[in-house]
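Given next are the chains, with one letter for each unit.
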Amino acid sequence: MSRRSLISEALASTPSEPVPVAEDSPRTEPRTTFTSRRLDAFGEASRMVKKPSIRLKPAECSVWAGNARDYALLNEERLRSLIDSIQAENGNRIPVVVRRTPKAELPYELVIGTRRHWAVNWLNANHYPEIELVAIIEDIDDEAAFRLADIENREREDISDLERGLNYKTAVDTYYEGVQSRMAERVKLSKSSLARYIGLTEIPKSVVSAFNSPMDLQVRHGDKLLPLVRNPATLAKIEEAAAHIANEQSFRQSGDEEPIAGADVVARLIQATTAPRRGRSQKTVIEANGSPIGQIDRDQGRGLTFTLTPTDLSPDAILEALRPLIERAKILRKG
């Protein structure tokens, strides 16, 4: 089913009384850019229900919890280009979608457009109080709102597969009585794809922490990790390896080094479930008071190489952190 048909079906959940609007002038060439396609899509949506847009303040909207995006993770750095665009246009060109909430504290609830809402809210708080949020009001229930939000989110590259998985898991339990096949049919997604997204939610947070960002954990990684985390015997090994990798990620970040890529994290987690190969170099993070202060590399000749980062710890505290690592390395000759 086409994107237009999906939007039409979602918006048709609750009939609305049409309001005449002027027809757009015809275009001779199709839009091809990402932004242009989304402009077309929302233009189609507004024409379908014949609703004019309104202007409001972000403070007038609560944010619907059913959207896949984690609003708390949005920040100026992630939305810098959007903020600049809205500032230049004196508003968002692509309307957000809200619905009325007559019994709630705020008059509207935001269904689609969390990034635009955050950006306008930031601009209002940073010297641009006159900029308002352009919105379309829809009268739709939660299930239709979920499907409408999902249509937009599928085009977003800054929503992690894990966020989608968590959103889908909640939706299948809330709207589709726990039946994945029913939800897959409703949102026009293959049953296998839906199952793979939801499968990511089975990966423990202790393992997710090994990734530099949740964005690095992708569905294809879940295909490799899920059989191992579902097995108690290998889960313990993976969680232990994940803790070391997470410390190394923190160590690299403190030293302004490149993080460990997602594919490499997965490879190391899988390797942790097998017996270590002789002669290979092994790395161990040095910790003191719960924070990484360096790294030990054990080479093929069973020697140790220490790398320490600048720290406020005393020499005695550093030596105390090194002592158990040296003892466990078993490189000291007896007698």
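First, a word on scope: everything that follows refers to the structure included in this document.

## Considering the nonpolar core
In step 1: Phe146, Tyr168, Met183, Ile203, Leu217 and Leu269 are the most contacted members of the largest nonpolar core, which totals 44 residues.
In step 2: The dominant element in this core, judged by the number of residues it contributes, is helix α5 (residues 142–153), at six residues.
In step 3: Not counting the four nearest positions on each side in its chain, Tyr168 is found in contact with Phe146, Asp150, Arg154, Met183, Leu189, Leu194, Tyr197 and Ile198.
In step 4: Within the second largest apolar cluster, 20 residues are counted, among which are Leu79, Val96, Leu110 and Val120.

## Comments concerning the side chain of Glu248
In step 1: Relative to the helices and strands, Glu248 resides in helix α11 (residues 232–254).
In step 2: With relative accessibility at 2%, the residue Glu248 sits in the buried group.
In step 3: Side chain to side chain, Glu248 and Arg268 meet in a polar contact 2.9 Å long.
In step 4: With near-sequence residues (within four places) excluded, Glu248 lies in contact with Ile260, Arg268, Lys283, Val285 and Gln295.

## Focus: the packing of aromatic side chains
In step 1: For the structure shown, the criterion picks out four aromatic pairs.
In step 2: Each ring, one from Phe146 and one from Tyr168, has its centre 6.3 Å from the other, and the planes form 85°; the classification is edge-to-face. Here Phe146 is found in helix α5, whereas its partner Tyr168 is found in helix α6 (residues 161–175), with 22 residues between them in sequence.
In step 3: Phe146 sits in the buried class, given a relative accessible area of 1%.
In step 4: Taken together, the aromatic side chains of Phe146, Tyr168, Tyr175, Tyr176 and Tyr197 make up a single cluster linked through ring pairs.
In step 5: Against the face of Trp64 rests Arg99, its NZ or CZ located 5.5 Å from the ring centre.

## Remarks on the sheet that holds strand β3 (residues 96–100)
In step 1: Spatially, β1-β5-β3-β4-β2 is the arrangement adopted by the five strands of the open sheet, whose pairing is mixed. Edge positions in the sheet fall to β1 (54–56) and β2 (61–63), since each of these pairs with one other strand and no more. Adjacent strand axes in the sheet meet at a mean angle of 50°, parallel and antiparallel pairs treated alike.
In step 2: Alignment of β2 against strand β4 (residues 108–112), held across three bridges, turns out to be parallel. Each bridged residue has a counterpart across the sheet, and for Cys61 the counterpart in β4 is Tyr108.
In step 3: Packed onto the sheet, helix α4 (residues 114–125) meets β2, β3, β4 and β5 (133–137) and runs at close to 125° relative to β4.

## Remarks on unusual backbone geometry
In step 1: Its identity is not glycine, yet His127 carries a phi of approximately 80°, on the positive side.
In step 2: Positionally, His127 belongs in the loop between α4 and β5.
In step 3: Given the relative accessible area of 73%, His127 is considered exposed.

## Focus: α11
In step 1: Relative to the 33 Å expected for 23 residues at 1.5 Å per residue, α11 spans 33 Å between its end C-alpha atoms, a close match to the ideal helical length.
In step 2: Its side-chain oxygen 2.9 Å from the backbone nitrogen of Ala233, Asn231 forms the N-cap of α11.
In step 3: Looking one or two residues past α11, Asp256 carries a phi angle of roughly 55°, positive in sign.

Cut-offs applied
- Residues numbered from 1 in each chain as written.
- Predicted model: local features only at pLDDT ≥ 70, side-chain atom pairs only at ≥ 80, totals over all residues.
- Heavy atoms only, no water.
- Core = buried A, V, L, I, M, F, W, Y, C linked by side-chain atoms within 4.5 Å.
- Buried < 20%, exposed > 50% of the residue type's maximum accessible area, 1.4 Å probe, protein only.
- Helix = DSSP H or I, 4+ residues; strand = E, 2+ residues; numbered from the N terminus.
- Contact = heavy atoms within 4.5 Å.
- Polar contact = N/O pair within 3.5 Å; in protein donor to acceptor, adjacent residues only side chain to side chain.
- Phe/Tyr/Trp six-rings, centres within 6.5 Å; stacked < 30°, edge-to-face > 60°.
- Lys NZ or Arg CZ within 6 Å of the ring centre and 35° of its normal.
- Pairing = 2+ DSSP bridges.
- Axes fitted to C-alpha atoms, helices over the stretch in contact; angles between N-to-C directions.
- Expected span 1.5 Å × (residues − 1).

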